[in-house]
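Per-entry structural report
One letter stands for each residue in the lines below.
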Amino acid sequence: AQSVTQLGSHVSVSEGALVLLRCNYSSSVPPYLFWYVQYPNQGLQLLLKYTTGATLVKGINGFEAEFKKSETSFHLTKPSAHMSDAAEYFCAVSRNTGGFKTIFGAGTRLFVKA
Amino acid sequence: DAGVIQSPRHEVTEMGQEVTLRCKPISGHNSLFWYRQTMMRGLELLIYFNNNVPIDDSGMPEDRFSAKMPNASFSTLKIQPSEPRDSAVYFCASSPGTGRGTGANVLTFGAGSRLTVL
């Protein structure tokens, strides 16, 4: 079975500050890991993904995440927050089960203060 | 491509009525997913299909829910009879699927169908 835990349902940062959103996963086989972002009244959009290879993954809008197998973590970071980053962020895990079953964490809402 | 298309965008109905939500995946995508999003339960996977075949429906809440994918370009999620606790945003998503390169498992979401059951 696979699962995802996101620590902190809400995170608030000041504009220009570091963004750190935490994600831990559980999977019986090497997983594929993702971060998606959801803006109000929209569907989710892919930020970045880890499949194999380099453990530091860069995504859109300056976000990056590092896959740490020993810690079963895939935390999302951005060096400097922008007001436009305010949204809900979802960590997800998937594996090939005849199609890729994808399970999402509960989500973390990011607030950015001016 | 127009992306994943869902209809209706909003549905308000009364308890006991049948509700049908529709989804057109991206052309060429082999996998289709139905999710439900609520404040209390977050984003739940209801069912997913691969090559039009249901692979895992363990997330379907109960027998009132059913999903079909009669062909590669269309899927429905039906609730009969509907109840107030079914009120949620229902998302459809598709992905290229197995053997389709590094983007095989990347989901593209529709805009969602907001269901309110009174």
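To keep things clear, this report deals only with the structure shown in the data block. Everything quoted here is computed from the prediction, not taken from an experiment.

Parameters and conventions
Residues numbered from 1 in each chain as written. Chains lettered and ligands numbered in written order. Predicted model: local features only at pLDDT ≥ 70, side-chain atom pairs only at ≥ 80, totals over all residues. Heavy atoms only, no water. Helix = DSSP H or I, 4+ residues; strand = E, 2+ residues; numbered from the N terminus. Rg over C-alpha atoms; globule rule 2.2 N^0.38 Å. Disulfide = S-S within 2.5 Å. Buried < 20%, exposed > 50% of the residue type's maximum accessible area, 1.4 Å probe, protein only. Phe/Tyr/Trp six-rings, centres within 6.5 Å; stacked < 30°, edge-to-face > 60°. Contact = heavy atoms within 4.5 Å. Pairing = 2+ DSSP bridges. Axes fitted to C-alpha atoms, helices over the stretch in contact; angles between N-to-C directions. Polar contact = N/O pair within 3.5 Å; in protein donor to acceptor, adjacent residues only side chain to side chain.

**Points about the overall build of chain A**
The helix and strand inventory of chain A stands at zero helices and 11 strands. Each helix (α) and strand (β) of chain A, taken in turn from the N terminus, gives the series β-β-β-β-β-β-β-β-β-β-β. Relative to a compact globule of 114 residues, whose C-alpha radius of gyration would be 13 Å, chain A shows 14 Å and is just as compact. The principal-axis extent of the C-alpha atoms belonging to chain A is close to 45 × 30 × 20 Å.

**Regarding the state of the cysteines**
Applying the stated criterion across every chain, the model contains two disulfides over all chains. With its sulfur 1.9 Å from that of its partner, C23 of chain A forms a disulfide with C91 of chain A. Measuring handedness by torsion sign, the sulfur bridge of C23 of chain A and C91 of chain A sits at about -65° and is left-handed. Placement of the pair is C23 of chain A in strand 3 (residues 19-26) and C91 of chain A in strand 9 (residues 87-96), with a sequence separation of 68 residues. Judged on exposure class, the residue C23 of chain A and its partner C91 of chain A are both buried. C23 of chain B shares a disulfide with C92 of chain B; S-S distance 1.9 Å. Between C23 of chain B and C92 of chain B, the S-S torsion sits near -70°, and that sign places the bridge as left-handed. Remark: C92 of chain B occurs in strand 9 (residues 88-95) and C23 of chain B occurs in strand 3 (residues 19-24); sequence separation between them is 69 residues.

**Considering the packing of aromatic side chains**
Summed over all chains, the structure comprises 14 aromatic pairs over all chains. Between the aromatic rings of F91 of chain B and F109 of chain B, the centroid separation amounts to 6.1 Å while the plane-to-plane angle is 80°, which identifies the pairing as edge-to-face. Residue F91 of chain B is located in strand 9, and its partner F109 of chain B is located in strand 10 (residues 108-109); the two are separated by 18 residues in the primary sequence. Its relative accessible area of 9% is what places F109 of chain B among the buried residues. Through a chain of ring-to-ring contacts, three or more aromatic side chains come together here, namely F34, Y36, F90 and F104 of chain A together with F33, Y35, Y48, F91 and F109 of chain B.

**Points about the environment of F109 of chain B**
It is 4.2 Å that separates the C-alpha atoms of F109 of chain B and A93 of chain B, two residues lying 16 residues apart in sequence. Those residues in contact with F109 of chain B that sit more than four places away from it in its chain are Y36, G43, L44 and F104 of chain A together with V4, Y35, F91, C92 and A93 of chain B.

**As for the sheet that holds strand 8 (residues 74-79) of chain B**
All names here are of chain B. With antiparallel pairing, four strands are arranged side by side in an open sheet as 1-3-8-7. Edge strands, defined here as strands with exactly one partner in the open sheet, are strand 1 (5-7) and strand 7 (65-71). With direction set aside, neighbouring strand axes in the sheet form an average angle of 15°. Bridge analysis of strand 1 against strand 3 gives three bridges, and the strand direction is antiparallel. Bridge pairing in strand 3 places I5 opposite K24.

**Examining the side chain of N50 of chain B**
With respect to the secondary-structure elements, N50 of chain B resides in strand 5 (residues 42-50). Within the local environment of N50 of chain B, its side chain forms a polar contact with the side chain of S31 of chain B, the two groups lying 2.8 Å apart.

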